[in-house]
Amino acid sequence: QVQLVESGGGLVQPGGSLRLSCAASGSTLGIYAMGWYRQAPGKQRELVAHITNGETTNYADSVKGRFTISRANAKNTVYLQMNSLKPEDTAVYYCKANSVNSLKDYWGQGTQVTVSS
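As the structure is a computational prediction, the values presented were derived from the model and not from experiment.

What counts as what
Residues numbered from 1 in each chain as written. Predicted model: local features only at pLDDT ≥ 70, side-chain atom pairs only at ≥ 80, totals over all residues. Heavy atoms only, no water. Core = buried A, V, L, I, M, F, W, Y, C linked by side-chain atoms within 4.5 Å. Buried < 20%, exposed > 50% of the residue type's maximum accessible area, 1.4 Å probe, protein only. Helix = DSSP H or I, 4+ residues; strand = E, 2+ residues; numbered from the N terminus. Contact = heavy atoms within 4.5 Å. Pairing = 2+ DSSP bridges.

Attention now moves to the nonpolar core. Counting 28 residues, the largest nonpolar core has Leu 4, Met 34, Trp 36, Leu 80, Met 82 and Tyr 93 as the members making the most contacts within it. At the level of secondary structure, the elements contributing two or more residues to this core comprise β1 (2–7), β3 (18–26), β4 (31–39), β5 (46–52), β7 (67–71), β8 (77–82), β9 (91–99) and β11 (111–115). Setting aside residues no more than four positions away along its own chain, Leu 4 makes contact with Cys 22, Ala 23, Ala 24, Met 34, Cys 95, Lys 96, Ala 97, Tyr 106, Trp 107, Gly 108 and Gln 109.

Here is the structure:
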């Protein structure tokens with residue numbers, strides 16, 4: 001089992017910045033990829049950013065150049081640095097992990113990000 005806990009969400013003005021953190025615990029040795037997803041009210045959950053153990057990354061077109069995903073050296077924590085935030089970034093942000101020891105995806109509980117003036 002893998003447990004994921006997100007933190008760092010909150011209220012920020014347009015143009016501001018936030019950094020989200022996702023801490024993984026449990027059977028973390030088999031994790032080979034982690035990512036961030038978000039879901040706005042009335043919208044489908046969408047990929048925001050993704051990173052592998054080889055540190056290859058990809059991003060949604062809507063956040064390229066503004067968001068950066070990274071991992072700690074211990075590889076049990078992933079971050080999402082969000083700059084130049086827009087009201088359209090308002091959503092619940094979820095952390096996701098994939099492990100070689102499980103066929104299921106692991107998800108965190110989500111953290112609310114609200115961008116408003």
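Once the structure has been displayed, the description carries forward.
This paragraph deals with the pairing of β9. The buried count for β9 comes to eight of nine residues, which makes it a mostly enclosed element. By the bridge criterion, three bridges tie β9 to β11 in an arrangement that is antiparallel. If you follow Tyr 93 over to β11, its bridge partner there is Thr 111. The pairing of β9 with strand β10 (residues 106–107) spans two bridges and is antiparallel. Bridged to Lys 96 within β10 is Trp 107. As consecutive antiparallel partners, β9 and β10 are separated by six residues.

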